[in-house]
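Summary of the model geometry
Letter by letter, the chains look like this.
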Amino acid sequence: MTDFLPREVRDGLEAARKAALRRKSRLRIRAGDAEYRVLRLWDSGFALDADTAPRLRGLVDLYEGGAHLYQCLIVASAEDEGEMTYEFKRNTAALDRAPLDFARDEGAPVALLGRAD
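Let me begin by describing the structure that accompanies this report. Because the structure is predicted, anything quoted here is derived from the model rather than measured.

Quick look at the packing of aromatic side chains now. Given two aromatic rings, one states the distance between the centres and the angle between the planes to describe the pair. Taken as a whole and assessed by the stated rule, the structure comprises two aromatic pairs. Ring geometry for Phe-46 versus Tyr-86: centroids 5.2 Å apart, planes at 20°, classification stacked. With Phe-46 in strand β3 (residues 45–49) and Tyr-86 in strand β6 (residues 83–93), this pair connects stretches of sequence that are 40 residues apart. The burial state of Phe-46 is the same as that of Tyr-86; both residues are buried. Judged by centre distance (5.7 Å) and plane angle (40°), the rings of Phe-46 and Phe-88 are tilted. One end of the pair, Phe-46, is in strand β3; the other, Phe-88, is in strand β6, with 42 residues separating them in the sequence. Judged by its relative accessible area of 16%, Phe-88 is buried. The rings of Phe-46, Tyr-86 and Phe-88 are connected pair by pair, giving a single aromatic cluster.

This paragraph deals with the pairing of β6. Relative to β6, β3 is paired through five bridges, and the arrangement is antiparallel. Of the residues in β6, the one forming a bridge with Ala-47 is Thr-85. Sheet topology note: the strand β5 (residues 67–80)/β6 ladder contains 10 bridges and is antiparallel. Directly across from Ala-78, in β6, lies its bridge partner Thr-85.

The rules behind the values
- Residues numbered from 1 in each chain as written.
- Predicted model: local features only at pLDDT ≥ 70, side-chain atom pairs only at ≥ 80, totals over all residues.
- Heavy atoms only, no water.
- Phe/Tyr/Trp six-rings, centres within 6.5 Å; stacked < 30°, edge-to-face > 60°.
- Helix = DSSP H or I, 4+ residues; strand = E, 2+ residues; numbered from the N terminus.
- Buried < 20%, exposed > 50% of the residue type's maximum accessible area, 1.4 Å probe, protein only.
- Pairing = 2+ DSSP bridges.

Okay, structure coming up:
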């Protein structure tokens, strides 16, 4: 058995693999005004298509569909097999409200009711 495939076949298989990853992934990175589809995501980083992604560095936002998941500080680490991989320096979950700067008491009332006169 031989492991050799013609270059056209290898290129076609790679293009099909990337297209399948793009279709099933709803994750995207927003850097400034530009958006890029995330092919793979893991604990310490993510991968983009090397053909369309620049060597990003700095602060980016990670979205799943319309939901803002993380604000990330990243650095481009390597390009391998058509994917540009990026590593997280910092990965902070996005919140829909401002964080509290004090500890909230568990038994504290949520609201105060006025008098019924």
